[in-house]
Amino acid sequence: MARRKRRYWLMKSEPDVYSIDDLARDKRGEWEGVRNYQARNFMRDEMAIGDLVLFYHSNAKPPGVAGVARVVTEAYPDHHAFDEASNYYDPKSDPEAPRWWMVDVEFVEKLPELVTLDALKAEAQPEGPLEGMLVARRGQRLSIQPVDKAHFARVLRLGGAKTRVR
DNA sequence: GCCAACGTTGGC
DNA sequence: GCCAACGTTGGC
């Protein structure tokens with residue numbers, strides 16, 4: 001049986017909408033509302049229970065990685081897409097053939113230090129410890145991104161996390 | 001609030 | 001199947 005390679009992710013959320021503090025309060029949350037095919041495919045096809053997630057605050061001052069979460073479900077249809085009253089309603093998503101999927105995540109920790117986008121970019125320079133990290137690339141809008149294990153570990157270290165990668 | 005980057009839509 | 005127009009993301 002083929003072993004899964006990818007186990008680390010970065011997921012963006014606007015803290016005005018849903019922050020790491022909200023997840024800390026809720027303990028667990030639905031990652032609904034992803035309306036981008038590439039991001040959906042990552043959730044639906046590649047995420048698995050137990051994967052670790054860098055919780056990134058976008059549209060924040062400053063933007064950056066604010067915490068750690070863990071994937072706790074397989075992907076399942078995003079039912080908000082079927083709800084006409086929802087902001088995430090999409091008439092093209094059919095309950096018989098859902099277009100949009102989501103996972104649930106649980107709170108792991110809030111980082112003692114926000115790892116700002118500036119700090120990520122500084123380390124993503126050529127030869128830097130985060131070279132190639134997607135979130136540091138100009139114009140990178142994808143809201144769910146795979147993260148190299150070494151990069152994940154480095155960001156945890158920068159943030160003073162208790163979480164360790166194995 | 002501006003606007004660059006880029007994904008999606010739809011006319012052809 | 002091309003590509004211009006449009007809408008959204010998200011840093012600044």
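Residues numbered from 1 in each chain as written. Chains lettered and ligands numbered in written order. Predicted model: local features only at pLDDT ≥ 70, side-chain atom pairs only at ≥ 80, totals over all residues. Heavy atoms only, no water.

Chain A carries the name EVE domain protein in an unreviewed UniProt entry, which gives Enhygromyxa salina as its organism.

**A short note on the overall build of chain A**
For chain A, the helix and strand inventory stands at four helices and eight strands. Relative to the globule expectation of 15 Å for 166 residues, the C-alpha radius of gyration of chain A, 16 Å, shows essentially globular dimensions. The principal-axis extents of the C-alpha atoms in chain A amount to approximately 45 × 40 × 30 Å. Sorting the 166 residues of chain A into buried and exposed places 46% on the buried side. If you take every contact in chain A between residues at least 6 apart in sequence, the share linking residues at least 24 apart comes to 71%. If you sum the accessible surface of chain A, you get close to 9500 Å²; carbon and sulfur atoms cover 46% of it. Charge centroids of chain A, computed over 27 positive and 26 negative side chains, lie 6 Å from each other. (Helix = DSSP H or I, 4+ residues; strand = E, 2+ residues; numbered from the N terminus. Rg over C-alpha atoms; globule rule 2.2 N^0.38 Å. Buried < 20%, exposed > 50% of the residue type's maximum accessible area, 1.4 Å probe, protein only. Contact = heavy atoms within 4.5 Å. Areas by Shrake-Rupley, 256 points an atom, 1.4 Å probe, with all protein chains shown as cover. Lys, Arg positive; Asp, Glu negative; His and termini not counted. Charge placed at Lys NZ, Arg CZ, Asp CG, Glu CD.)

**Focus on the protein's contact with DNA strand B**
Surveying the vicinity of DNA strand B reveals the residues Asn36, Tyr37, Lys92, Arg138, Gly139 and Arg141. Counting only atoms of DNA strand B within 4 Å of the protein, the fraction found in sugar and phosphate groups is 78%. The separation between a phosphate oxygen of DNA strand B and a polar side-chain atom of Lys92 is 3.4 Å. A per-class count over the surface near DNA strand B returns one nonpolar, two polar and three charged. (Near = heavy atom within 4 Å. Polar contact = N/O pair within 3.5 Å; in protein donor to acceptor, adjacent residues only side chain to side chain. Nonpolar A, V, L, I, M, F, W, Y, C, P; charged D, E, K, R; others polar.)

**Quick word on the protein's contact with DNA strand C**
Close to DNA strand C lie Lys12, Tyr56, Ser58, Asn59, Pro63, Leu117, Lys121 and Arg141. Taking all atoms of DNA strand C within 4 Å of the protein, the share assigned to sugar and phosphate is 68%. At a separation of 2.9 Å, a phosphate oxygen of DNA strand C approaches a polar backbone atom of Asn59. A distance of 2.5 Å is found between a base oxygen of DNA strand C and a side-chain nitrogen or oxygen belonging to Arg141. Residue composition of the surface near DNA strand C, grouped by class: three nonpolar, two polar and three charged.

**Let's talk about the pairing of strand β7 (residues 104-116)**
For strand β2 (residues 28-30) and β7, the ladder comprises three bridges, and the chain directions are antiparallel. Each residue of the ladder has a partner; that of Arg28, found in β7, is Glu106. Two strands pair when backbone bridges link them, and strand β4 (residues 64-71) and β7 are joined in this way by seven bridges, in the antiparallel orientation. Residue pairing in the sheet places Gly64 in a bridge with Thr116 of β7. (Pairing = 2+ DSSP bridges.)

**Points about helix α2 (residues 37-46)**
If you check which residues of α2 are buried, you get Ala39, Arg40, Phe42 and Met43. Seen from one end, α2 has its buried residues packed into an arc of 155°, which puts them on one side. Contacts made by the buried residues of α2 are with β1 (8-13), β6 (101-102) and β8 (144-146). Two or three places before Gln38, at the start of α2, stands the capping residue Asn36, its side-chain oxygen 3.0 Å from that residue's backbone nitrogen. (Arc of directions from axis to C-beta.)

**A word on the environment of Tyr88**
Inspection of the secondary structure puts Tyr88 in the loop between β5 (76-77) and β6. Remark: the alpha-carbon pair of Tyr88 and Asn59, spanning 29 residues in sequence, is separated by 19 Å. Setting aside residues up to four positions removed in sequence, Tyr88 forms contacts with Glu32, Gly33, Arg35, His80 and Ala81.

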